[in-house]
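# Summary of the model geometry
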Amino acid sequence: ALRDALADDITAAVVRDALTRREVERVAGALETAGVRALLVKGAALACTIYQQSWHRPRTDTDLLVAHADVPAASRALESCGYRRSDEVSTGEYVSYQMAFERLDPGGLRHVVDLHWKPVNPLLLADALPAERLWEEGTPLPGFTVSLVRVPSISDSVLLACVHRLAHHQEHERLIWLWDLKLLAGAMTPAQWARLADEASARQLAAVCLDGLRRARALLDSPLPGDVEAALEAAAASEPSRRYVEGPVSRRDVLVSDLRRLPDLSSRLRLLREHMFPSASFMRRRYGVNSTLLLP
């Protein structure tokens, strides 16, 4: 009875994954044609790399990370594939470092691509993992012929998974994110573990990384070598990012931190304006209203 109940879900997952992979191939080809270097990140990248079958890793969108200078060209490439900007995400120069694009295919399946130019929004964490550096360390996209679209190295994938877990979802632990970490940790060689410890320490992400790996170990028996744990713990003691481990960081705290990290008064004022006055289309979609009178 359980197998029968799961059979339809499995069939749907396999079909959706096949259609999504075909869509990723179209988008990757368009980015290649446009000369845009991009990283496939988060669930879509992990599905292609650490899972036995890509349909084993559920995901609702495809995340791409590009350099800020390549955002216009990447946007045009997505539009050439039939995508249109979505109002799902409030986007500006500083308030959110991503744009959402969506497309409805002939079969009625909705495809969503999130185009990022920083991996997360809080600058304290985002600036530690620049897109250009991640791309240089990346590896070819498995099963695809493109050369300009890559996936992060395995050590960078661990860092990204740990950062994403706390940057945007501090109080919403999800089993799938910890399972990602378990599979990543189980696939790492001693050299890759050493690389992870060095990179996390150098980029002041040791506390965030250690928290994710310890949580995966506690709940899922994920591996964590003792020497790596000790190195991360030693580096974590004085890191500013440790605040994300010690307790919830409120939106106000993130805003204050971002204002301090921006380089000048003009950029700080722009960030405040983008928070206070999002686009009308975003507000209508977020709150489900049509009347202009309700926007204020």
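Residues numbered from 1 in each chain as written. Predicted model: local features only at pLDDT ≥ 70, side-chain atom pairs only at ≥ 80, totals over all residues. Heavy atoms only, no water.

### Describing the overall build of the chain
- When its secondary structure is counted, the chain shows 14 helices and seven strands.
- Here the C-alpha atoms of the chain give a radius of gyration of 20 Å, agreeing with the 19 Å that 2.2 N^0.38 yields for 296 residues.
- Considering only contacts in the chain between residues 6 or more positions apart, those separated by 24 or more positions represent 67%.
- A total of about 15,200 Å² of accessible surface is found on the chain, and carbon and sulfur atoms cover 53% of it.
- Within the chain, one finds 37 positive and 38 negative side-chain charges whose respective centroids are separated by 3 Å. (Helix = DSSP H or I, 4+ residues; strand = E, 2+ residues; numbered from the N terminus. Rg over C-alpha atoms; globule rule 2.2 N^0.38 Å. Contact = heavy atoms within 4.5 Å. Areas by Shrake-Rupley, 256 points an atom, 1.4 Å probe, with all protein chains shown as cover. Lys, Arg positive; Asp, Glu negative; His and termini not counted. Charge placed at Lys NZ, Arg CZ, Asp CG, Glu CD.)

### Describing helix H12 (residues 251–261)
- Taken residue by residue, H12 has Val254, Ser257 and Asp258 as its buried positions. One face of H12 carries all of its buried residues, which in axial projection span an arc of 100 degrees. Seen from the buried face of H12, the exposed residues on the opposite side, beyond 90 degrees, are Arg252 and Arg260. (Buried < 20%, exposed > 50% of the residue type's maximum accessible area, 1.4 Å probe, protein only. Arc of directions from axis to C-beta.)

### A short note on helix H1 (residues 2–34)
- Taking 1.5 Å per residue as the helical rise, H1 with its 33 residues ought to reach 48 Å, and the 47 Å between its terminal C-alpha atoms agrees with that figure.
- Remark: the principal bend of H1, roughly 25 degrees, maps to Asp8.
- Buried residues of H1: Asp17, Thr20, Glu23, Val24, Val27, Ala28, Ala30 and Leu31, and no others.
- At its buried positions, H1 is contacted by strand E1 (38–41), strand E2 (62–66), helix H3 (71–80), strand E4 (98–104), strand E5 (110–116) and strand E7 (149–151).
- At the exit of H1 stands Gly35, carrying a positive phi of roughly 75 degrees. (Expected span 1.5 Å × (residues − 1). Bend = angle between axes of the 7 residues up to and from the residue.)

### Considering the sheet that holds strand E3 (residues 84–85)
- Strand order in the open sheet formed by seven strands is E3-E4-E5-E2-E1-E7-E6, and the pairing between neighbours is mixed. For this open sheet the edge positions go to E3 and strand E6 (139–140), each flanked by a neighbour on one side alone. (Pairing = 2+ DSSP bridges.)

### Comments concerning the packing of H12 against helix H13 (residues 265–276)
- Viewed as axis vectors pointing N to C, H12 and H13 meet at an angle of 150 degrees, and their least axial separation amounts to 9 Å. One element, H12, and the other, H13, form an angle in the roughly antiparallel class. Contacts between H12 and H13 involve Leu255, Asp258, Leu259 and Arg260 from the first element and Arg268, Leu271, Leu272 and His275 from the second.
- For the contact of H12 with H13, the residue count by class is four nonpolar, one polar and three charged. (Axes fitted to C-alpha atoms, helices over the stretch in contact; angles between N-to-C directions. Parallel < 35°, antiparallel > 145°, perpendicular 65-115°, else oblique. Nonpolar A, V, L, I, M, F, W, Y, C, P; charged D, E, K, R; others polar.)

### Here we look at a nonpolar patch on the surface
- Residues Leu2, Leu6, Ile10 and Val14 make up a contiguous nonpolar surface patch of about 340 Å² in total accessible area.
- With respect to the element layout, Val14 can be found in helix H1. (Patch = residues over 30% accessible without salt bridge, like charges linked within 9 Å, V, L, I, M, F, W, Y side chains within 5 Å. Salt bridge = Lys/Arg side-chain N within 4 Å of Asp/Glu carboxyl O.)

### Examining the environment of Ala202
- With respect to the secondary-structure elements, Ala202 resides in helix H8 (residues 190–202).
- Residue classification places Ala202 among the exposed residues on the basis of a relative accessible area of 62%.
- Sequence-wise, Ala202 and Thr33 are 169 residues apart; in three dimensions their C-alpha atoms are separated by 35 Å.

### A word on the packing of aromatic side chains
- Evaluated as defined, the whole model comprises one aromatic pair.
- Relative to Trp117, the ring of Tyr97 has its centre 6.5 Å away and its plane inclined at 90 degrees; by these criteria the two rings are edge-to-face. Highlighted residues: Tyr97 in the loop between E3 and E4 and Trp117 in the loop between E5 and helix H4 (123–126), separated in sequence by 20 residues.
- Residue class for Tyr97 comes out buried when judged on its relative accessible area of 2%.
- The class of Trp117 is buried, set by a relative accessible area of 9%.
- In this structure, Arg174 packs its charged tip against the face of Trp177, placed 5.1 Å from the ring centre. (Phe/Tyr/Trp six-rings, centres within 6.5 Å; stacked < 30°, edge-to-face > 60°. Lys NZ or Arg CZ within 6 Å of the ring centre and 35° of its normal.)

### Notes on the side chain of Thr20
- Positionally, Thr20 belongs in helix H1.
- Residue classification places Thr20 among the buried residues on the basis of a relative accessible area of 13%.
- Among the polar contacts listed, one links the side chain of Thr20 to the backbone oxygen of Arg16, at a separation of 2.8 Å.
- Non-local contacts of Thr20, meaning those with residues more than four positions away in its chain, are made with Arg59, Thr62 and His111. (Polar contact = N/O pair within 3.5 Å; in protein donor to acceptor, adjacent residues only side chain to side chain.)

### Overview of the environment of Ala45
- For Ala45, the location among the structural elements is in helix H2 (residues 42–49).
- Under the relative-accessibility criterion, Ala45 is labelled buried at 4%.
- Along the sequence, Ala45 and Arg150 sit 105 residues apart, while their C-alpha atoms lie 8.8 Å from each other.

### Some details on the side chain of Ser75
- Residue position: Ser75 is located in helix H3.
- Beyond its immediate chain neighbours, meaning those up to four positions away, Ser75 contacts Met99, Phe101 and Leu115.

### As for unusual backbone geometry
- For Gln204, which is not glycine, the phi dihedral falls at a positive 55 degrees.
- Position of Gln204 among the secondary structure elements: in the loop between H8 and helix H9 (206–220).
- Positive phi, close to 60 degrees, is recorded for Asp221, a residue that is not glycine.
- Among the secondary structure elements, Asp221 is positioned in the loop between H9 and helix H10 (226–236).
- Judged by relative accessible area, which is 64%, Asp221 ranks as exposed.

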